[in-house]
Amino acid sequence: MEKNFKKYSIEYFTQDIDFINWIKRGDNNEKWEEFVRENAQLSKEIDVARNIVNVLRLQEIEIDDKSINDVFENIEHFYSQYSKSRLKVRTLKFMRYAAIFVLFASVSIAIPYYYLHDNDQFSEFNVPATGVNEARLTLSSGEEITLTQTHSELQFNASGGQIKINKDSIINTDTKEDENSMAQIVIPFGMRSDILLSDGTKVWLNAGSRLVFPQKFSGKIRKVFLKGEAFFDVAKNKDVPFIVSTENMNVTVLGTAFNVNSNESENELEVVLVEGSVSMKENKAMNFLGNELLLKPNQKATYNKSSRNTQVESRVDVSYYISWKDGMLEFNRESIINVFKKLSQFYNVRFENDASVEMNQKISGKLDLKESLDAVMKVVSDATPINYRIEGDKVIVTSKINSLPM
(Lines give C-alpha, C1' and ligand atoms only; values in the text may rest on other atoms or scores of the structure.)
Protein backbone atom coordinates (compact mmCIF):
# COMPACT_ATOMS: atom_id res chain seq x y z
CA MET A 1 0.00 0.00 0.00
CA GLU A 2 1.22 3.45 -0.81
CA LYS A 3 0.68 5.16 2.50
CA ASN A 4 1.97 8.38 4.00
CA PHE A 5 1.71 7.80 7.74
CA LYS A 6 1.76 11.51 8.63
CA LYS A 7 -1.77 12.02 7.34
CA TYR A 8 -3.25 9.07 9.22
CA SER A 9 -5.18 9.42 12.44
CA ILE A 10 -7.71 7.35 14.37
CA GLU A 11 -10.52 9.25 12.65
CA TYR A 12 -9.01 8.52 9.22
CA PHE A 13 -8.85 4.77 9.79
CA THR A 14 -12.37 4.56 11.23
CA GLN A 15 -13.73 6.31 8.14
CA ASP A 16 -11.69 4.34 5.60
CA ILE A 17 -13.84 1.70 3.85
CA ASP A 18 -10.81 -0.51 3.10
CA PHE A 19 -9.73 -0.47 6.74
CA ILE A 20 -13.27 -1.24 7.98
CA ASN A 21 -13.62 -4.14 5.52
CA TRP A 22 -10.26 -5.50 6.66
CA ILE A 23 -11.30 -5.44 10.31
CA LYS A 24 -14.82 -6.81 9.74
CA ARG A 25 -14.19 -9.34 6.95
CA GLY A 26 -10.43 -9.71 6.55
CA ASP A 27 -10.36 -8.16 3.06
CA ASN A 28 -6.85 -7.48 1.69
CA ASN A 29 -5.41 -9.03 4.83
CA GLU A 30 -1.87 -9.49 3.48
CA LYS A 31 -1.62 -5.89 2.31
CA TRP A 32 -2.87 -4.51 5.63
CA GLU A 33 -0.55 -6.74 7.65
CA GLU A 34 2.35 -5.49 5.52
CA PHE A 35 1.20 -1.91 6.13
CA VAL A 36 1.11 -2.52 9.90
CA ARG A 37 4.62 -4.01 9.85
CA GLU A 38 6.02 -1.09 7.85
CA ASN A 39 4.33 1.56 10.02
CA ALA A 40 4.98 0.45 13.57
CA GLN A 41 4.68 4.05 14.74
CA LEU A 42 0.95 3.86 13.90
CA SER A 43 0.25 0.77 15.99
CA LYS A 44 -1.56 2.73 18.70
CA GLU A 45 -3.84 4.55 16.24
CA ILE A 46 -4.58 1.29 14.41
CA ASP A 47 -5.40 -0.59 17.62
CA VAL A 48 -7.78 2.13 18.82
CA ALA A 49 -9.46 2.36 15.40
CA ARG A 50 -9.80 -1.44 15.29
CA ASN A 51 -11.59 -1.42 18.65
CA ILE A 52 -13.90 1.40 17.57
CA VAL A 53 -14.93 -0.47 14.43
CA ASN A 54 -15.57 -3.63 16.47
CA VAL A 55 -17.60 -1.68 19.04
CA LEU A 56 -19.88 -0.37 16.31
CA ARG A 57 -20.66 -3.92 15.20
CA LEU A 58 -21.29 -2.84 11.61
CA GLN A 59 -22.48 -5.78 9.56
CA GLU A 60 -22.47 -4.30 6.06
CA ILE A 61 -19.95 -1.70 4.98
CA GLU A 62 -20.38 -1.71 1.24
CA ILE A 63 -23.49 0.12 0.04
CA ASP A 64 -24.28 -0.61 -3.60
CA ASP A 65 -25.85 1.93 -5.92
CA LYS A 66 -29.10 -0.03 -6.19
CA SER A 67 -29.63 0.04 -2.40
CA ILE A 68 -29.03 3.76 -2.27
CA ASN A 69 -31.34 4.36 -5.24
CA ASP A 70 -34.12 2.26 -3.66
CA VAL A 71 -33.95 4.28 -0.45
CA PHE A 72 -34.02 7.60 -2.18
CA GLU A 73 -36.76 6.71 -4.62
CA ASN A 74 -38.96 6.63 -1.52
CA ILE A 75 -37.53 9.96 -0.40
CA GLU A 76 -38.16 11.39 -3.86
CA HIS A 77 -41.76 10.27 -3.68
CA PHE A 78 -42.15 12.04 -0.33
CA TYR A 79 -40.60 15.26 -1.57
CA SER A 80 -42.67 15.17 -4.76
CA GLN A 81 -45.70 15.72 -2.56
CA TYR A 82 -44.29 18.32 -0.18
CA SER A 83 -41.50 20.11 -2.01
CA LYS A 84 -41.37 22.41 -5.01
CA SER A 85 -39.89 20.81 -8.11
CA ARG A 86 -37.05 23.31 -8.34
CA LEU A 87 -35.78 22.16 -4.91
CA LYS A 88 -36.10 18.47 -5.61
CA VAL A 89 -32.88 17.84 -7.52
CA ARG A 90 -30.72 19.77 -5.05
CA THR A 91 -32.32 18.04 -2.06
CA LEU A 92 -32.01 14.54 -3.45
CA LYS A 93 -28.43 15.07 -4.47
CA PHE A 94 -27.66 16.12 -0.90
CA MET A 95 -29.62 13.21 0.62
CA ARG A 96 -27.85 10.66 -1.58
CA TYR A 97 -24.53 11.56 0.01
CA ALA A 98 -26.18 11.71 3.42
CA ALA A 99 -26.59 7.91 3.40
CA ILE A 100 -22.85 7.44 3.42
CA PHE A 101 -22.45 10.33 5.89
CA VAL A 102 -24.70 8.53 8.42
CA LEU A 103 -22.22 5.68 8.53
CA PHE A 104 -19.26 8.01 9.05
CA ALA A 105 -21.14 10.11 11.58
CA SER A 106 -21.87 7.05 13.69
CA VAL A 107 -18.14 6.35 13.77
CA SER A 108 -17.36 9.94 14.73
CA ILE A 109 -19.91 9.92 17.54
CA ALA A 110 -18.44 6.70 18.90
CA ILE A 111 -14.89 8.06 19.03
CA PRO A 112 -15.25 10.37 22.06
CA TYR A 113 -17.36 7.73 23.83
CA TYR A 114 -14.67 5.16 23.18
CA TYR A 115 -11.92 7.51 24.33
CA LEU A 116 -13.56 7.87 27.71
CA HIS A 117 -13.98 4.14 28.24
CA ASP A 118 -11.28 2.28 26.33
CA ASN A 119 -8.60 4.44 24.74
CA ASP A 120 -5.11 3.95 26.14
CA GLN A 121 -4.78 7.72 26.46
CA PHE A 122 -7.46 7.50 29.15
CA SER A 123 -6.33 4.09 30.40
CA GLU A 124 -7.53 3.10 33.83
CA PHE A 125 -5.28 3.84 36.77
CA ASN A 126 -6.11 2.03 39.98
CA VAL A 127 -6.94 4.43 42.80
CA PRO A 128 -5.58 2.52 45.81
CA ALA A 129 -7.74 2.34 48.92
CA THR A 130 -5.00 1.50 51.41
CA GLY A 131 -1.24 1.16 51.74
CA VAL A 132 -0.22 3.74 49.15
CA ASN A 133 1.00 7.22 50.10
CA GLU A 134 1.95 8.59 46.69
CA ALA A 135 -0.07 10.37 44.05
CA ARG A 136 0.94 10.30 40.40
CA LEU A 137 0.90 12.90 37.65
CA THR A 138 1.35 11.51 34.13
CA LEU A 139 2.07 14.13 31.48
CA SER A 140 0.99 13.94 27.83
CA SER A 141 4.58 12.99 26.95
CA GLY A 142 4.29 9.89 29.12
CA GLU A 143 6.57 11.25 31.85
CA GLU A 144 5.44 10.29 35.36
CA ILE A 145 5.88 12.50 38.40
CA THR A 146 5.38 11.23 41.94
CA LEU A 147 3.62 13.56 44.36
CA THR A 148 4.60 12.65 47.90
CA GLN A 149 2.92 15.38 49.91
CA THR A 150 -0.47 14.66 51.44
CA HIS A 151 -1.81 17.88 49.91
CA SER A 152 -0.10 18.68 46.61
CA GLU A 153 -0.44 21.89 44.59
CA LEU A 154 0.11 21.98 40.83
CA GLN A 155 0.17 24.99 38.52
CA PHE A 156 0.34 24.72 34.72
CA ASN A 157 1.34 27.82 32.78
CA ALA A 158 -0.68 29.06 29.79
CA SER A 159 1.25 26.92 27.29
CA GLY A 160 1.06 23.82 29.46
CA GLY A 161 4.80 23.34 29.09
CA GLN A 162 5.81 24.43 32.58
CA ILE A 163 4.51 23.03 35.86
CA LYS A 164 5.10 24.40 39.33
CA ILE A 165 4.74 21.78 42.04
CA ASN A 166 4.07 22.75 45.65
CA LYS A 167 5.20 26.34 44.92
CA ASP A 168 8.88 25.42 44.72
CA SER A 169 9.72 22.76 42.08
CA ILE A 170 9.42 23.81 38.45
CA ILE A 171 9.29 21.21 35.68
CA ASN A 172 9.59 22.00 31.98
CA THR A 173 8.04 19.50 29.62
CA ASP A 174 7.21 19.20 25.95
CA THR A 175 3.50 19.32 25.14
CA LYS A 176 2.06 17.45 22.17
CA GLU A 177 0.13 19.39 19.56
CA ASP A 178 -2.45 16.59 19.28
CA GLU A 179 -5.50 17.82 21.19
CA ASN A 180 -6.26 14.20 22.18
CA SER A 181 -2.97 13.98 24.12
CA MET A 182 -3.93 14.22 27.74
CA ALA A 183 -2.29 14.41 31.13
CA GLN A 184 -3.79 12.71 34.13
CA ILE A 185 -3.46 12.85 37.89
CA VAL A 186 -4.42 10.06 40.27
CA ILE A 187 -4.93 10.89 43.93
CA PRO A 188 -5.18 7.86 46.26
CA PHE A 189 -7.17 7.76 49.47
CA GLY A 190 -5.53 9.82 52.19
CA MET A 191 -4.34 12.57 49.81
CA ARG A 192 -5.72 15.62 47.99
CA SER A 193 -4.53 17.99 45.27
CA ASP A 194 -5.18 21.55 44.07
CA ILE A 195 -4.59 22.07 40.34
CA LEU A 196 -4.42 25.23 38.25
CA LEU A 197 -5.05 24.20 34.64
CA SER A 198 -3.47 26.01 31.69
CA ASP A 199 -6.69 27.95 30.93
CA GLY A 200 -6.80 29.39 34.47
CA THR A 201 -9.43 26.96 35.81
CA LYS A 202 -8.85 25.88 39.42
CA VAL A 203 -9.59 22.30 40.46
CA TRP A 204 -9.68 20.84 43.95
CA LEU A 205 -9.34 17.05 43.58
CA ASN A 206 -10.57 14.95 46.49
CA ALA A 207 -9.05 11.76 47.85
CA GLY A 208 -9.60 8.63 45.79
CA SER A 209 -10.12 10.58 42.55
CA ARG A 210 -8.71 10.83 39.05
CA LEU A 211 -8.68 13.72 36.56
CA VAL A 212 -7.74 13.48 32.87
CA PHE A 213 -7.13 16.83 31.16
CA PRO A 214 -5.23 18.50 28.29
CA GLN A 215 -1.98 20.13 29.33
CA LYS A 216 -2.87 22.82 26.81
CA PHE A 217 -6.47 23.43 25.80
CA SER A 218 -7.19 23.84 22.09
CA GLY A 219 -10.21 23.70 19.87
CA LYS A 220 -13.78 24.80 20.48
CA ILE A 221 -14.27 23.14 23.87
CA ARG A 222 -12.32 22.61 27.09
CA LYS A 223 -13.00 19.04 28.20
CA VAL A 224 -11.76 17.08 31.20
CA PHE A 225 -12.66 13.62 32.49
CA LEU A 226 -13.36 12.93 36.16
CA LYS A 227 -13.72 9.88 38.34
CA GLY A 228 -14.32 10.68 41.98
CA GLU A 229 -14.98 14.11 43.43
CA ALA A 230 -13.72 17.56 42.47
CA PHE A 231 -14.62 21.21 42.92
CA PHE A 232 -14.20 23.40 39.83
CA ASP A 233 -13.77 27.17 39.66
CA VAL A 234 -13.87 27.56 35.88
CA ALA A 235 -12.07 30.40 34.10
CA LYS A 236 -14.66 32.35 32.10
CA ASN A 237 -14.54 32.03 28.33
CA LYS A 238 -17.93 32.50 26.65
CA ASP A 239 -16.60 31.21 23.33
CA VAL A 240 -15.08 27.98 24.64
CA PRO A 241 -17.34 25.94 26.97
CA PHE A 242 -15.79 23.89 29.77
CA ILE A 243 -17.06 20.32 30.03
CA VAL A 244 -16.58 17.91 32.92
CA SER A 245 -17.26 14.41 31.62
CA THR A 246 -17.97 11.53 34.01
CA GLU A 247 -18.93 7.95 33.26
CA ASN A 248 -22.61 8.92 33.12
CA MET A 249 -22.92 12.66 32.66
CA ASN A 250 -21.46 15.72 30.95
CA VAL A 251 -21.55 18.98 32.91
CA THR A 252 -21.07 22.02 30.65
CA VAL A 253 -20.26 25.56 31.77
CA LEU A 254 -18.83 28.82 30.44
CA GLY A 255 -17.47 30.04 33.77
CA THR A 256 -18.74 29.08 37.19
CA ALA A 257 -18.04 27.26 40.47
CA PHE A 258 -19.51 23.84 41.21
CA ASN A 259 -18.84 20.48 42.84
CA VAL A 260 -19.08 17.10 41.10
CA ASN A 261 -19.15 13.84 43.05
CA SER A 262 -19.03 10.77 40.81
CA ASN A 263 -17.55 8.01 42.95
CA GLU A 264 -17.72 4.59 41.32
CA SER A 265 -18.71 2.91 44.59
CA GLU A 266 -21.88 4.99 44.82
CA ASN A 267 -25.01 4.61 42.72
CA GLU A 268 -25.58 8.37 42.57
CA LEU A 269 -23.82 11.27 40.91
CA GLU A 270 -24.15 14.68 42.57
CA VAL A 271 -23.63 18.14 41.10
CA VAL A 272 -23.89 21.15 43.44
CA LEU A 273 -23.81 24.62 41.87
CA VAL A 274 -22.28 27.45 43.88
CA GLU A 275 -22.43 30.26 41.32
CA GLY A 276 -23.09 30.80 37.62
CA SER A 277 -24.99 28.15 35.68
CA VAL A 278 -24.34 24.66 34.36
CA SER A 279 -26.11 22.20 32.12
CA MET A 280 -26.18 18.45 32.68
CA LYS A 281 -26.68 15.86 29.99
CA GLU A 282 -26.20 12.11 29.84
CA ASN A 283 -23.12 11.17 27.81
CA LYS A 284 -24.19 7.68 26.83
CA ALA A 285 -23.31 6.73 23.26
CA MET A 286 -25.82 7.92 20.67
CA ASN A 287 -27.66 10.02 23.26
CA PHE A 288 -26.72 13.30 21.59
CA LEU A 289 -30.40 14.24 21.28
CA GLY A 290 -31.09 13.74 25.01
CA ASN A 291 -32.54 16.43 27.25
CA GLU A 292 -30.38 18.93 29.09
CA LEU A 293 -30.95 19.96 32.69
CA LEU A 294 -30.03 23.51 33.69
CA LEU A 295 -28.99 24.24 37.28
CA LYS A 296 -29.14 27.52 39.17
CA PRO A 297 -26.97 28.58 42.13
CA ASN A 298 -27.64 26.73 45.41
CA GLN A 299 -29.23 23.82 43.58
CA LYS A 300 -28.15 20.19 43.82
CA ALA A 301 -28.84 17.63 41.11
CA THR A 302 -28.71 13.94 42.02
CA TYR A 303 -28.51 11.48 39.12
CA ASN A 304 -29.38 7.84 39.85
CA LYS A 305 -27.09 5.66 37.72
CA SER A 306 -29.47 2.69 37.78
CA SER A 307 -32.78 4.38 36.99
CA ARG A 308 -31.14 7.23 35.01
CA ASN A 309 -33.45 9.69 36.73
CA THR A 310 -32.35 13.07 38.06
CA GLN A 311 -33.77 14.93 41.03
CA VAL A 312 -33.11 18.61 41.72
CA GLU A 313 -33.11 20.15 45.18
CA SER A 314 -33.16 23.95 45.59
CA ARG A 315 -31.81 26.24 48.30
CA VAL A 316 -29.26 23.73 49.59
CA ASP A 317 -26.46 24.75 51.95
CA VAL A 318 -23.58 24.51 49.46
CA SER A 319 -20.93 24.72 52.21
CA TYR A 320 -22.09 21.32 53.41
CA TYR A 321 -21.02 19.81 50.08
CA ILE A 322 -17.83 21.77 49.36
CA SER A 323 -16.23 22.18 52.81
CA TRP A 324 -13.94 19.21 52.07
CA LYS A 325 -11.86 21.36 49.70
CA ASP A 326 -10.85 23.53 52.67
CA GLY A 327 -10.00 20.53 54.83
CA MET A 328 -13.30 20.43 56.72
CA LEU A 329 -16.20 17.98 56.81
CA GLU A 330 -19.66 19.18 57.76
CA PHE A 331 -22.39 16.82 58.94
CA ASN A 332 -26.06 17.55 59.44
CA ARG A 333 -27.80 14.54 60.93
CA GLU A 334 -25.54 12.22 58.97
CA SER A 335 -25.38 8.54 59.89
CA ILE A 336 -22.22 7.34 61.61
CA ILE A 337 -21.59 4.87 58.80
CA ASN A 338 -21.49 7.70 56.22
CA VAL A 339 -19.14 9.68 58.46
CA PHE A 340 -16.83 6.67 58.64
CA LYS A 341 -16.94 6.25 54.84
CA LYS A 342 -15.71 9.82 54.35
CA LEU A 343 -13.06 9.54 57.05
CA SER A 344 -11.88 6.31 55.44
CA GLN A 345 -11.39 8.21 52.19
CA PHE A 346 -9.58 11.15 53.78
CA TYR A 347 -7.27 9.18 56.06
CA ASN A 348 -6.83 6.02 53.98
CA VAL A 349 -7.99 3.68 56.74
CA ARG A 350 -10.51 0.87 57.18
CA PHE A 351 -13.23 0.90 59.81
CA GLU A 352 -14.36 -2.24 61.60
CA ASN A 353 -17.27 -2.01 64.00
CA ASP A 354 -18.70 -4.29 66.65
CA ALA A 355 -22.21 -5.57 65.93
CA SER A 356 -23.54 -3.64 68.92
CA VAL A 357 -22.65 -0.26 67.37
CA GLU A 358 -25.71 1.55 66.00
CA MET A 359 -24.24 2.63 62.64
CA ASN A 360 -27.37 4.52 61.57
CA GLN A 361 -27.24 6.87 64.54
CA LYS A 362 -27.17 10.50 63.34
CA ILE A 363 -24.38 12.99 63.98
CA SER A 364 -24.10 16.74 63.29
CA GLY A 365 -21.14 19.10 63.41
CA LYS A 366 -17.79 19.85 61.76
CA LEU A 367 -14.55 17.89 61.65
CA ASP A 368 -11.19 19.52 60.97
CA LEU A 369 -9.39 17.13 58.64
CA LYS A 370 -6.13 19.01 59.10
CA GLU A 371 -6.00 17.34 62.50
CA SER A 372 -4.71 13.81 63.03
CA LEU A 373 -7.04 10.84 62.69
CA ASP A 374 -6.84 10.27 66.44
CA ALA A 375 -7.88 13.88 67.18
CA VAL A 376 -10.82 13.60 64.77
CA MET A 377 -11.95 10.28 66.22
CA LYS A 378 -11.91 11.78 69.70
CA VAL A 379 -14.42 14.39 68.52
CA VAL A 380 -16.62 11.69 66.99
CA SER A 381 -16.38 9.60 70.15
CA ASP A 382 -17.41 12.55 72.32
CA ALA A 383 -20.48 13.15 70.14
CA THR A 384 -21.61 9.51 69.89
CA PRO A 385 -21.75 6.48 72.18
CA ILE A 386 -18.70 4.77 70.69
CA ASN A 387 -15.17 3.89 71.67
CA TYR A 388 -12.37 3.34 69.19
CA ARG A 389 -8.79 2.20 68.86
CA ILE A 390 -6.42 2.67 65.93
CA GLU A 391 -4.31 -0.28 64.82
CA GLY A 392 -2.16 0.66 61.83
CA ASP A 393 -4.51 1.39 58.93
CA LYS A 394 -7.51 0.00 60.80
CA VAL A 395 -9.94 1.72 63.18
CA ILE A 396 -11.87 -0.63 65.45
CA VAL A 397 -15.13 0.82 66.77
CA THR A 398 -17.09 -0.56 69.74
CA SER A 399 -20.11 0.60 71.70
CA LYS A 400 -19.48 2.51 74.93
CA ILE A 401 -22.11 0.34 76.57
CA ASN A 402 -19.91 -2.70 76.05
CA SER A 403 -17.04 -0.99 77.82
CA LEU A 404 -18.99 -0.52 81.08
CA PRO A 405 -18.07 -2.93 83.92
CA MET A 406 -20.62 -5.68 84.58
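### Considerations on the confidence of the model for the chain
This prediction gives the chain a mean pLDDT of 77; 73% of its residues lie at or above 70. Averaged over each element, pLDDT in the chain is lowest for helix H6 (residues 85–117) (43) and highest for strand S8 (residues 202–205) (96).

### Side note on the sheet that holds strand S23 (residues 394–399)
As summarised here, the arrangement of the 3 strands in space is S20-S23-S22, forming an open sheet in which the pairing is mixed. A strand with exactly one partner marks an edge of an open sheet, and here the two such strands are strand S20 (350–353) and strand S22 (386–391). Put simply, the sheet's adjacent strands are angled 25° from each other on average, direction ignored. By the bridge criterion, 4 bridges tie S20 to S23 in an arrangement that is parallel. The residue bridging Asn 353 from the neighbouring strand is Val 397, located in S23.

### What about the pattern of salt bridges?
Inspection of every chain in the model, using the stated rule, returns 12 salt bridges. Salt-bridge contacts for Glu 352 lead to Arg 350; the nearest nitrogen and oxygen are separated by 3.5 Å. Its relative accessible area of 38% is what places Arg 350 among the partly exposed residues. Judged by its relative accessible area of 35%, Glu 352 is partly exposed.

### Side note on the packing of aromatic side chains
Inspection of every chain in the model, using the stated rule, returns 13 aromatic pairs. Aromatic side chains Phe 13 and Phe 19 sit 5.2 Å apart centroid to centroid with 40° between the ring planes, which places their arrangement in the tilted category. Assigned by exposure class, Phe 13 and Phe 19 land together as buried. An aromatic cluster is built from Phe 13, Phe 19, Trp 22, Trp 32 and Phe 35, whose rings are joined through pairwise contacts. Its guanidinium or amino end placed over the ring of Trp 204, Lys 325 lies 4.6 Å from that ring's centre, counting from NZ or CZ. Sitting above the plane of the Phe 231 ring, Lys 325 keeps its charged end 5.1 Å from the centroid.

### Comments concerning the pairing of S8
Remember that side chains alternate between the two faces of the sheet whenever the strand is regular. Bridge count for strand S7 (residues 192–196) against S8 is 4 bridges, and the pairing is antiparallel. When the bridges of S8 are listed, Leu 196 appears paired with Lys 202. Connecting S7 to the next strand, S8, in antiparallel fashion are 5 residues, including Gly 200 with a positive phi near 95°. In this sheet, strand S10 (residues 222–233) lies alongside S8 in antiparallel orientation, the contact comprising 4 bridges. From the neighbouring strand, Lys 202 faces S10, where its bridge partner is Asp 233.

Reading guide: rules and limits
Residues numbered from 1 in each chain as written. Predicted model: local features only at pLDDT ≥ 70, side-chain atom pairs only at ≥ 80, totals over all residues. Heavy atoms only, no water. pLDDT = per-residue confidence, 0-100. Helix = DSSP H or I, 4+ residues; strand = E, 2+ residues; numbered from the N terminus. Pairing = 2+ DSSP bridges. Axes fitted to C-alpha atoms, helices over the stretch in contact; angles between N-to-C directions. Salt bridge = Lys/Arg side-chain N within 4 Å of Asp/Glu carboxyl O. Buried < 20%, exposed > 50% of the residue type's maximum accessible area, 1.4 Å probe, protein only. Phe/Tyr/Trp six-rings, centres within 6.5 Å; stacked < 30°, edge-to-face > 60°. Lys NZ or Arg CZ within 6 Å of the ring centre and 35° of its normal.

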